[in-house]
Amino acid sequence: MNLILLGPPGAGKGTQAQRLERAHGLVQLSTGDMLRAAVAAGSEVGKRAKAVMEAGQLVSDDIVVGIIADRIAQDDCKGGFILDGFPRTVAQAEALDTMLAERGMKLDKVIDMQVDDDILVERVSGRYTCAKCNAGYHDKFQQPKVAGVCDICGGTEFKRRADDNAETVRSRLGAFHAQTAPLLPYYGARGVLGTVDGMAPIDEVTRQIEAELGFAAA
Ligand code: ADP
Ligand code: ADP
Ligand code: ZN
């Protein structure tokens with residue numbers, strides 16, 4: 001099964017993608033994670049993306065389409081993948097259609113994670129991740145079971161993103177409404193769109209997504 005998680009910054013895309021990856025063996029493809037890795041590595045792509053990401057704007061379609069085209073060609077994607085943070089523009093969605101058609105792959109579902117704008121700044125400002133395995137946490141909403149220790153890998157170092165501040169979030173939210181929201185009618189017209197309440201508690205959101213995907217309730 002190949003799916004897209006669609007939603008504004010802080011909607012819970014990464015959180016739910018990691019859960020689906022663990023529970024159902026689908027591979028999480030996060031363009032944000034891939035771009036941050038490129039920035040950290042100082043690659044050509046990283047150099048082109050860094051300032052744009054820091055400003056909370058969208059990296060060019062060419063760059064992200066290239067990254068995703070390389071990634072979905074890899075073997076581990078054959079068993080199904082979850083796109084997290086891609087596509088973010090209609091041009092990216094069209095490029096995705098083309099690359100899937102070329103590979104005989106198809107898109108099974110697009111999940112629209114609906115969250116009101118006014119809670120997103122708090123979601124994003126309190127976000128942090130395990131430095132070792134990238135598991136996501138929140139100061140208030142998703143604390144590790146043992147303080148300071150990652151639930152998944154036992155790691156004790158955590159990190160926060162440079163762009164997770166109130167000012168940048170507002171600019172990212174603007175980009176979402178202007179450039180990404182038009183994907184809702186784009187996918188709605190094809191009958192692949194499902195909606196979940198991203199304001200619900202994390203477990204409940206997972207349940208709603210699994211119901212949309214036709215996975216039996218655990
Ligand atoms: P996205 O990938 O869409 O930007 P994340 O999955 O990183 O969003 O979630 C943003 C922050 O909000 C994280 O710190 C996460 O722990 C927290 N979070 C995710 N889903 C929920 C939820 N349903 N309720 C409360 N907090 C959540
Ligand atoms: P969030 O989890 O808050 O939605 P991401 O980690 O997905 O944020 O993305 C972080 C930043 O990386 C974005 O603000 C943007 O600059 C860049 N980025 C990620 N995915 C894309 C994409 N598909 N198109 C353009 N820019 C992207
Ligand atoms: Zn960890």
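Please refer to the structure placed before this passage.
Since the structure is predicted, the reported quantities are computational estimates derived from the model, not experimental observations. (Residues numbered from 1 in each chain as written. Chains lettered and ligands numbered in written order. Predicted model: local features only at pLDDT ≥ 70, side-chain atom pairs only at ≥ 80, totals over all residues. Heavy atoms only, no water.)

Novice: So what's going on with the pairing of strand S3 (residues 81–84)? Which residues, and what values?
Specialist: Residue alternation in S3 divides its side chains into two sets, Phe81 and Leu83 and Ile82 and Asp84, and both sets are buried. Here 3 bridges tie strand S1 (residues 3–6) to S3, and the two strands are oriented parallel to one another. Counted as the bridge partner of Ile4 is Leu83 from S3. As paired elements, strand S2 (residues 27–30) and S3 share 4 bridges and run parallel to each other. Note that in S3 the partner of Gln28 across the bridge is Ile82. (Buried < 20%, exposed > 50% of the residue type's maximum accessible area, 1.4 Å probe, protein only. Helix = DSSP H or I, 4+ residues; strand = E, 2+ residues; numbered from the N terminus. Pairing = 2+ DSSP bridges.)

Novice: Tell me what's going on with the coordination of the zinc ion (ligand 3), and back it up with residues and numbers.
Specialist: Donor atoms from the polypeptide that coordinate the zinc ion (ligand 3) comprise Cys130 (SG), Cys133 (SG), Cys150 (SG) and Cys153 (SG), at 2.3 to 2.4 Å from the metal. Viewed at the metal, the 4 donor atoms of the zinc ion (ligand 3) are separated by angles of 100 to 116 degrees, and the geometry they form is tetrahedral. Here the donor residues of the zinc ion (ligand 3) are spaced in sequence according to C-x2-C-x16-C-x2-C. Highlighted residues: Cys130 in strand S5 (residues 127–130) and Cys150 in the loop between strand S6 (136–138) and strand S7 (158–159), separated in sequence by 20 residues. You can call Cys130 buried: its relative accessible area is 0%. (Donors = N, O, S within 2.8 Å, 3.2 Å for Na, K, Ca; no water. Tetrahedral: all angles 85-135°; square planar, octahedral: opposite > 155°, others 65-115°.)

Novice: Which residues make up the site of ligand 2, and what values go with them?
Specialist: Thr31, Arg36, Gln57, Gly85 and Arg172 are the nearest of the 19 residues found near ligand 2. At 2.9 Å from a nitrogen atom of ligand 2 is found a main-chain nitrogen or oxygen belonging to Gly85. Look at ligand 2: alone it shows 550 Å² of surface, and the protein chains cover 97% of it. Ranked by residues supplied to the shell around ligand 2, first place goes to helix H2 (residues 31–41) with 4 residues. When grouped by side-chain class, the residues that make up the shell around ligand 2 number 7 nonpolar, 5 polar and 7 charged. (Near = heavy atom within 4 Å. Polar contact = N/O pair within 3.5 Å; in protein donor to acceptor, adjacent residues only side chain to side chain. Areas by Shrake-Rupley, 256 points an atom, 1.4 Å probe, with all protein chains shown as cover. Nonpolar A, V, L, I, M, F, W, Y, C, P; charged D, E, K, R; others polar.)

Novice: Outline the packing of H2 against helix H3 (residues 44–54), listing residues and values.
Specialist: Running from amino to carboxyl end, H2 crosses H3 at an angle of 115 degrees, the nearest separation of the two axes being 8 Å. With respect to H3, the axis of H2 lies roughly perpendicular. The handedness of the crossing between H2 and H3 comes out as left-handed. For the pair H2 and H3, the contacting residues are Gly32, Leu35, Arg36, Ala38 and Val39 in the first and Val45, Gly46, Ala49, Lys50 and Met53 in the second. Residue composition of the contact of H2 with H3, by class: 6 nonpolar, 2 polar and 2 charged. (Axes fitted to C-alpha atoms, helices over the stretch in contact; angles between N-to-C directions. Parallel < 35°, antiparallel > 145°, perpendicular 65-115°, else oblique. Left-handed = near helix turned anticlockwise from the far one by under 90°. Contact = heavy atoms within 4.5 Å.)

Novice: Outline the side chain of Arg71, listing residues and values.
Specialist: Inspection of the secondary structure assignment puts Arg71 in helix H4 (residues 61–72). Separated by 2.7 Å, the side chains of Arg71 and Asp76 make a polar contact. Contact partners of Arg71, with chain neighbours within four places excluded, come to Val27, Leu29, Met34, Asp76 and Cys77.

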